Amino acid sequence: MGRIRAAIWENETTNGTRYNVTVSRIYKDGDTWKDSNSFGRDDLLIVAKVLDRCHTWIYAENGSAVVSSGEEGGDDAPF
């Protein structure tokens, strides 16, 4: 989405498939394209939108009822 990109990494574990996401910003330095993991103020809303799409894709792949700890909510942090 614009200069912001994400990669979703699939990891097979003994508890099933897990996904991790990396996010980067591309920019041009002279004639060379580079990437960075640093984001400016104007990038933040786009980063949020990209991560929302990643979240939606991961839930669609796994199904929304993935629970690994035996409790509803799975691995969600308590905040």
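To be clear, the structure that these remarks concern was listed above.
What counts, and at which threshold
Residues numbered from 1 in each chain as written. Predicted model: local features only at pLDDT ≥ 70, side-chain atom pairs only at ≥ 80, totals over all residues. Heavy atoms only, no water. Pairing = 2+ DSSP bridges. Helix = DSSP H or I, 4+ residues; strand = E, 2+ residues; numbered from the N terminus. Axes fitted to C-alpha atoms, helices over the stretch in contact; angles between N-to-C directions. Contact = heavy atoms within 4.5 Å. Core = buried A, V, L, I, M, F, W, Y, C linked by side-chain atoms within 4.5 Å. Buried < 20%, exposed > 50% of the residue type's maximum accessible area, 1.4 Å probe, protein only. Phe/Tyr/Trp six-rings, centres within 6.5 Å; stacked < 30°, edge-to-face > 60°.

K.L.:
Provide a residue-level description of the sheet that holds strand β1 (residues 4–13), including the pertinent values.
P.N.:
Two modes of strand pairing occur in sheets, parallel and antiparallel, and in both the strands are linked by backbone hydrogen bonds. The strand order across the open sheet built from three strands is β1-β2-β3, with neighbouring strands paired in antiparallel fashion. A single partner strand is all that each edge strand has here, and the edge strands are β1 and β3 (32–36). Going from strand to strand, the sheet's axes swing by 35 degrees on average, the running direction of each strand aside. Helix α1 (residues 44–62) contacts β1 and β2 (16–29) of the sheet and is inclined by roughly 155 degrees relative to β2.

K.L.:
How would you explain the nonpolar core if you had to name every residue and give the values?
P.N.:
Residues Ile4, Val23, Val47, Val50 and Cys54 constitute the largest nonpolar core, which totals five residues. Broken down by element, this core gets its largest block of residues, three residues, from α1. Among all residues touching Cys54, those that are not within four sequence positions of it are Ala6, Ile8 and Val21.

K.L.:
Account for the packing of aromatic side chains, with residues named and values stated.
P.N.:
Geometry of an aromatic ring pair is reported as the spacing of the ring centres plus the angle between the planes. The tally for this structure, following the rule as stated, stands at one aromatic pair. Pairing Tyr19 with Trp57 gives two aromatic rings, centres 5.5 Å apart and planes at 85 degrees, and the pair type is edge-to-face. A residue pair is termed long-range when its members are at least 10 positions apart, and Tyr19 in strand β2 and Trp57 in helix α1 qualify at 38 residues. Using a relative accessible area of 16% as the deciding quantity, one classes Tyr19 as buried.

K.L.:
Summarise the pairing of β3; cite the residues concerned and give the values.
P.N.:
In the case of a regular strand, side chains alternate between the two sheet surfaces. When β2 meets β3, the two strands line up antiparallel, connected through five bridges. Looking at the pairing, Asp29 lines up with Thr32 of β3.

K.L.:
Describe the environment of Asn62, listing the residues and the values that go with them.
P.N.:
Along the chain, Asn62 turns up in helix α1. When the C-alpha atoms of Asn62 and Gly16 are compared, they prove to be 9.7 Å apart, with 46 residues separating the residues in sequence. With near-sequence residues (within four places) excluded, Asn62 lies in contact with Thr17 and Tyr19.

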